[in-house]
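Now for the letters of each chain:
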Amino acid sequence: MTLTFLGTASGLTVLHRRHFSIMVETSGKRFLLDAGEGVTQGLLEWSFDPEQVPAVCVSHTHPDHAAGLPMLLQTSYLRGRTAPLDIYLPKGRIAWFENMLHGFNIFNSRWKYPICLRALEEAGERLPLEVFRNHHLDTILDVAPGYGLDAVSYSFLVSDAGRRVLVSSDIAGIDDIDGHVRGVDVLVLDATHAESEDIATLAEQNPDVMIILTHIPPEIEEETHPLQEMVRDGRMTLAEDGFSIQIN
Ligand SMILES: [Zn+2]
């Protein structure tokens, strides 16, 4: 499978990174994991046709993971898309998302192609991935129900041709994923919410796992940051926008 990092920024907007999105190309399927702001420009820059993206999986609906969707829908429309687009969301956010699209004047009954909103929890029925719940949104567990929303976020496990890739998306800490790392070939890890010491320990405990850091906050780019030493000596990779890797 091939992963192309369309956006690698943290939740903070910066000039040199777009927000979180990864294009996954397996032997049978192509799909995006998350669609942060700038995803459509990222697709164009790295030679993907936005109107030909068949599916998007959204780990959680923070803007840096989901705010690119309305423009992806609009640009696909303007580029003449007719094929359906599947958008997988945590099921507790589907009704809200549909309502938001209506507010953006995006109505399935007037759209040139079907927008199929599906439960992320059931994405494995159509795509070569599993999702598992993490604790990233626990901080809003007390407030979300008062707005009629749950507070659920997910990490992804993608399998293809005997290879397994864990994409943490946003997590609460390394505890959210360390029980799932064993047996994976590549770990794509949220560098904002995992502590540097925990990342270093995880790398030491799993020398056979290739670690790619993304969701990069500005401080990690400082040469003196402790993770930079591990990047320099090849123990892990720090993704840039447009970084692409084939996993065979
Ligand atoms: Zn988040």
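Details of the structure are given in the entry above.
None of the values given here were measured: they were computed from a predicted structure.

What counts as what
Residues numbered from 1 in each chain as written. Predicted model: local features only at pLDDT ≥ 70, side-chain atom pairs only at ≥ 80, totals over all residues. Helix = DSSP H or I, 4+ residues; strand = E, 2+ residues; numbered from the N terminus. Rg over C-alpha atoms; globule rule 2.2 N^0.38 Å. Buried ≥ 20, exposed ≤ 12 C-beta atoms within 10 Å, placed from the backbone. Contact = placed C-beta atoms within 7 Å. Core = buried A, V, L, I, M, F, W, Y, C linked by C-beta atoms within 7 Å. Pairing = 2+ DSSP bridges. Axes fitted to C-alpha atoms, helices over the stretch in contact; angles between N-to-C directions. Right-handed = clockwise from strand over helix to strand, strands pointing away.

J.: Teacher, can you tell me more about the overall build of the chain here?
T.: Secondary structure assignment for the chain yields six helices and 13 strands. At 17 Å, the chain has a C-alpha radius of gyration in line with the 18 Å of a compact globule built from 248 residues. Across the 248 residues that make up the chain, the buried fraction comes to 40%. Put simply, of all contacts in the chain between residues at least 6 apart along the chain, 61% involve residues at least 24 apart.

J.: Teacher, can you tell me more about the nonpolar core here?
T.: In globular proteins that are soluble, nonpolar side chains generally tend to be buried together. In this structure, Ile22, Leu32, Val56, Cys57 and Leu213 are the most contacted members of the largest nonpolar core, which totals 57 residues. Residues within four places of Leu32 in sequence aside, it is in contact with Ser21, Ile22, Met23, Val39, Val53, Val56 and Cys57.

J.: Mind showing me how you'd approach the sheet that holds strand β4 (residues 55-57) here?
T.: Strand order in this open sheet of seven strands is β6-β5-β4-β3-β2-β1-β13, and the pairing throughout is mixed. Both outer strands of the open sheet, β6 (115-119) and β13 (244-246), are each paired with one neighbouring strand and no more. Adjacent strand axes in the sheet meet at a mean angle of 20 degrees, parallel and antiparallel pairs treated alike. The pairing of strand β3 (residues 30-33) with β4 spans two bridges and is classified as parallel. Within β4, the residue paired with Leu33 across the bridge is Cys57. Helix α4 (residues 94-103) rests against β5 (85-89) and β6 of the sheet, and its axis sits at about 160 degrees to β6.

J.: Quick question: what am I supposed to make of the sheet that holds strand β12 (residues 237-238) here?
T.: Sheet strands pair by backbone hydrogen bonding; their relative direction is either parallel or antiparallel. The six strands are arranged β7-β8-β9-β10-β11-β12 in an open sheet whose pairing can be described as mixed. The open sheet terminates on both sides in strands that have one partner only, identified here as β7 (129-134) and β12. Two elements, strand β11 (residues 210-214) and β12, share two bridges in a ladder whose sense is parallel. Residue pairing in the sheet places Ile212 in a bridge with Thr237 of β12.

J.: Before we go on, may I ask you to explain unusual backbone geometry in this structure?
T.: The general pattern is negative phi for most residues beyond glycine and trans for most peptide bonds. The backbone of Asp34 shows a phi angle near 70 degrees, a positive value even though the residue is not glycine. The topology assignment puts Asp34 in the loop between β3 and α1 (39-45). Taking the C-beta count within 10 Å as the criterion, Asp34 has 27 such neighbours and is therefore assigned buried. Phi angles above zero are rare outside glycine, and Ser169 is one such case at about 50 degrees. Residue position: Ser169 is located in the loop between β9 (163-167) and β10 (186-190).

J.: Explanation requested: the environment of Gly42 in the structure shown.
T.: Its location among the elements puts Gly42 in helix α1. Between the C-alpha atom of Gly42 and that of Gly7, which follows or precedes it by 35 residues, the distance is 7.0 Å. Other than its neighbours up to four places away in sequence, Gly42 contacts Leu6, Gly7, Arg18, Ser21 and Asp241.

J.: Sorry, what's going on with the pairing of β6 here?
T.: Within a regular beta strand, the side chains point alternately toward one face of the sheet and then the other, so they alternate between its two faces. Here β5 pairs with β6 via five bridges, running parallel. Among the inter-strand pairings, Leu89 is bridged to a residue of β6, identified as Ala119. Between β5 and its parallel partner β6, the chain crosses via α4, and the hand of that crossover is right-handed.

J.: Mind showing me how you'd approach the environment of Glu98 here?
T.: Locating Glu98 in the fold gives a position in helix α4. Given 16 C-beta atoms within a 10 Å radius, Glu98 is considered partly exposed. A sequence separation of 32 residues divides Glu98 from Glu130, and the C-alpha atoms of the two residues are 24 Å apart.

J.: Would you explain the environment of Tyr77 in this entry?
T.: Among the structural elements, Tyr77 can be located in helix α3 (residues 69-78). Since 16 C-beta atoms lie within 10 Å of it, Tyr77 is described here as partly exposed. Tyr77 sits 35 residues away from Lys112 along the chain, and the two C-alpha atoms are 6.5 Å apart. The residues contacting Tyr77, other than those within four sequence positions of it, are Trp111 and Lys112.

J.: Is there a simple way to explain the pairing of β10 in this structure?
T.: Burial within β10 is extensive, with five of its five residues counted as buried. Of the two faces of β10, the one holding Val186, Val188 and Asp190 and the one holding Leu187 and Leu189 are both buried throughout. In this structure, β10 lies alongside β11, joined through five bridges in parallel fashion. Bridge pairing in β11 links Val188 to Ile212.

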